[in-house]
Amino acid sequence: MNWEAIGAIGEVAGALVVAVTLAFLVVQVRQNSKAISATITHANIAGFNELNTLLAANPQLAEIFDRGTTDPSRLTVDEAYSYTWIVRSFLNLFFNLYDQFLQGTCPESLWRRHEMELQAFVVSPGVREFLKANSYYDQLIAHIDALPLKPDHRIGFSLDIQDEPRKDT
């Protein structure tokens, strides 16, 4: 056998190894993307659940949140302090999700669902009052304010206000 034939066989074998390696890497990247997406989804849901559990376990704090959202002038100084931290916590979760969406690590479907909730959240008088003094969220709020208003989407803060009706009823 001559050296040219051996070299040609080596090149073909090398090309096959590179192709198999690239295919393997594509599969790994896809699996990694799914894992990142699942982690982001889980962390986001866990963060919101933690805040919801905090409010559910403390009716006084839930009442402060409800009153502060509708009319912050009705809050005492101490209540306003608590209200500020609750709003900041919710906005931080939304902001983190938005940042992940911009980076391409948050699935668009997850962001779009939370985008609607955020839109409903930020139109409340208490949250608007909070935002006047907190420029940290300006980019997020500018994005939300630029969206067309979705008047039929509501956040279920109380039992008589629900998300969109279920389709199976």
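Residues numbered from 1 in each chain as written. Predicted model: local features only at pLDDT ≥ 70, side-chain atom pairs only at ≥ 80, totals over all residues. Heavy atoms only, no water.

For this particular structure, what's the right way to read the packing of aromatic side chains?
Two numbers describe a pair of aromatic rings. These are the distance of the centres and the angle of the planes. Under the defined criterion, the tally for this structure stands at 14 aromatic pairs. Considering the side-chain rings of Tyr81 and Trp85, the 6.2 Å spacing of their centres and the 75° angle between planes classify their relative orientation as edge-to-face. With Tyr81 and Trp85 both in helix H3 (residues 77–103), this residue pair falls 4 residues apart, about one helical turn. Residue classification places Tyr81 among the exposed positions, given a relative accessible area of 56%. Under the relative-accessibility criterion, Trp85 is labelled partly exposed at 43%. Judged by centre distance (5.7 Å) and plane angle (55°), the ring pair of Phe90 and Phe121 falls under tilted. Taken together, the residues span a long stretch of sequence, with Phe90 in helix H3 and Phe121 in helix H4 (residues 108–122) at a distance of 31 residues. Pair check on accessibility: Phe90 and Phe121 agree, each one buried. (Phe/Tyr/Trp six-rings, centres within 6.5 Å; stacked < 30°, edge-to-face > 60°. Helix = DSSP H or I, 4+ residues; strand = E, 2+ residues; numbered from the N terminus. Buried < 20%, exposed > 50% of the residue type's maximum accessible area, 1.4 Å probe, protein only.)

Where do I start with the nonpolar core in this structure?
Note on soluble globular proteins: their nonpolar side chains tend to be buried together. Formed by 32 residues in total, the largest nonpolar core has its most connected members in Leu91, Trp111, Leu118, Phe121, Val122 and Leu140. At 11 residues, the largest contribution of residues to this core is made by H3. Non-local contacts of Leu140, meaning those with residues more than four positions away in its chain, are made with Leu91, Phe94, Phe95, Tyr98, Trp111 and Leu118. (Core = buried A, V, L, I, M, F, W, Y, C linked by side-chain atoms within 4.5 Å. Contact = heavy atoms within 4.5 Å.)

Looking at this model, I keep getting lost on the packing of H3 against helix H5 (residues 125–132). Mind explaining?
At a closest axis distance of 11 Å, the pairing of H3 and H5 adopts a crossing angle of 85°. Taken together, H3 and H5 sit at an angle that is classed as roughly perpendicular. Contact residues: H3 offers Tyr83, Thr84, Val87, Arg88 and Leu91, while H5 offers Gly126, Val127, Phe130 and Leu131. Its residues assigned to classes, the contact of H3 with H5 shows 6 nonpolar, 2 polar and 1 charged. (Axes fitted to C-alpha atoms, helices over the stretch in contact; angles between N-to-C directions. Parallel < 35°, antiparallel > 145°, perpendicular 65-115°, else oblique. Nonpolar A, V, L, I, M, F, W, Y, C, P; charged D, E, K, R; others polar.)

Sorry if this is basic, but what is going on with the pattern of salt bridges here?
Between side chains of opposite charge, pairing is possible as soon as their charged atoms come close. With the rule as written, the count across this model stands at 6 salt bridges. Its salt-bridge partner being Glu63, residue Arg67 comes within 2.6 Å of it at the nearest N-O pair. Residue Arg67 and its partner Glu63 are both found in helix H2 (residues 59–70); the two are separated by 4 residues, about one turn of the helix. Judged by its relative accessible area of 11%, Arg67 falls in the buried class. A relative accessible area of 37% places Glu63 in the partly exposed class. With a closest N to O distance of 2.8 Å, Glu79 and Arg67 form a salt bridge. Remark: Arg67 occurs in helix H2 and Glu79 occurs in helix H3; sequence separation between them is 12 residues. The residues Glu79 and Arg67 share a single accessibility class, namely buried. When salt bridges that share partners are traced, they join Glu63, Arg67 and Glu79 into one network. (Salt bridge = Lys/Arg side-chain N within 4 Å of Asp/Glu carboxyl O.)

Such coordinate-based values are descriptive only and should not be taken to indicate function.
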